[in-house]
Amino acid sequence: MTDLFTPLQAGAWALPNRIVMAPLTRTRAGVEHVPNALMAEYYAQRADAGLLIAEATMVAPDASAFTAEPGIFDADRATAWRQVTDAVHARGGRIVLQIWHPGRAAHSLLNGGVQPISSTDRAIGNGHIHTPQGKQPYEAPRRLREDELPGIVGRFRAASEFALQAGFDGVQIHGAHGYLVDQFLRDGANDRNDGYGGTLEKRARLLLEVTDQAIAVWGADRVSVRISPLVGVNDMSDSNPEALVIYVAQQMAARKIAMLEMRHADQALPEERALAEVARAHFPGVILSNGGYDRDSANAALVAGRVDAVAFGRAYIGNPDLVRRFAEGAPLNEMNPRTLYSPGPEGYTDYPSLAVATA
């Protein structure tokens, strides 16, 4: 019987268990977006996960949406990330980097006055963004010209190369949650009528070009892709999410990538379950499922064969020893929402692990 503790071969990654740490923005990299020793400690604490997916990381210096998220856009930041990957590998772990551009979910006040970019010139219509000048409404982005898209793809290519230099075990392309790649992929944001908009094939073009460049650097067996067809965050929607999943899953199957992540709003929702079945039918590789799982629901999904691995986010914030707690059926620490994005170790590296039994 397959459960959370059954080993899994995902592309080139030999996972000792099927518990994946989801990418979690924690804003501990400072305003210069430089990874540091505190981040190395945080990830190393969680290295017994089957796989760690490091947080959304900027592919360009003017692509900040959270003030203190990390970057991977030059050699200096690649070198800084090395302390993180070395710490994880010293604990026997595996870690891949999620490469990301926020697109219209950024703000000029976070990026030296640079206007956000997107598939569209329409702003995110709900919510606010935190800036050095307090909460602000989202700005209208600048619509990228078609001749600028190769440069965006090049940013992801360079980020893939820097991630290799940094010692990661692979990369994940963030094609979800209403960020730049998703802004092209879903027709709720993409209102173009050029080579990157209109038909589903054209809307998916940026995702596929970015994926191909990551594959060129890493090989397909060390690349993952994340999509979230039903997640409405950042004012997103799509008129035909099933067709989107079929097309993306088929394209990723043809490329033989290591892992396709389905990020659900809530995996228990019937519409999300139905979409997961579509992905399963069209992607024969490893499917990672993410969205509202606990230990029991994750095991049920694995036993049923609906998914191959399960990502945990909130549970990993408060429980550096989540694998052990799941194995022993131990209670979980509650995370402190007040310290999610604050600087320093509080609510980051100071959550307690279970006591070690002594003879």
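Presented here is a report on the structure given in the accompanying data block.

Quick look at unusual backbone geometry now. Backbone geometry places Thr67, a non-glycine residue, at a positive phi of 75 degrees. Looking at where Thr67 falls in the secondary structure, it is placed in the loop between strand E4 (51–58) and helix H2 (75–90). Judged by its relative accessible area of 29%, Thr67 falls in the partly exposed class. Unlike most non-glycine residues, Lys256 shows phi in positive territory, near 60 degrees. Tracing the backbone through its elements, the reader meets Lys256 in the loop between helix H7 (241–255) and strand E12 (259–263). Given the relative accessible area of 63%, Lys256 is considered exposed.

Applying the stated criterion to the full structure yields one cavity of 30 Å³ or more. Each pocket or cavity is described by its volume, and for the largest cavity that value is around 50 Å³. Residue lining of the largest cavity: His264, Gln267, Glu272, Arg273, Ala276, Ser289, Tyr293, Arg306 and Val307, and that is the complete set. Looking at which element gives the most residues to the lining of the largest cavity, the answer is helix H8 (residues 270–282), with three residues. Considered class by class, the residues forming the lining of the largest cavity number three nonpolar, three polar and three charged.

Attention now moves to the environment of Ala63. Tracing the sequence through the fold places Ala63 in the loop between E4 and H2. In this structure Ala63 comes out as buried when scored by relative accessible area, which is 0%. Residues Ala63 and Arg104 lie 41 residues apart in sequence; the distance between their C-alpha atoms is 9.5 Å. Residues within four places of Ala63 in sequence aside, it is in contact with Met58, Glu69, Trp100, His101, Pro102 and Asn111.

Cut-offs used in this document
- Residues numbered from 1 in each chain as written.
- Predicted model: local features only at pLDDT ≥ 70, side-chain atom pairs only at ≥ 80, totals over all residues.
- Heavy atoms only, no water.
- Helix = DSSP H or I, 4+ residues; strand = E, 2+ residues; numbered from the N terminus.
- Buried < 20%, exposed > 50% of the residue type's maximum accessible area, 1.4 Å probe, protein only.
- 1 Å grid on protein atoms, 1.4 Å probe; cavity = no way out; pocket = protein on both sides within 12 Å on 5 of 7 lines; lining within 4 Å.
- Points joined across faces, edges and corners; volume = space filled by probe spheres on them.
- Nonpolar A, V, L, I, M, F, W, Y, C, P; charged D, E, K, R; others polar.
- Contact = heavy atoms within 4.5 Å.

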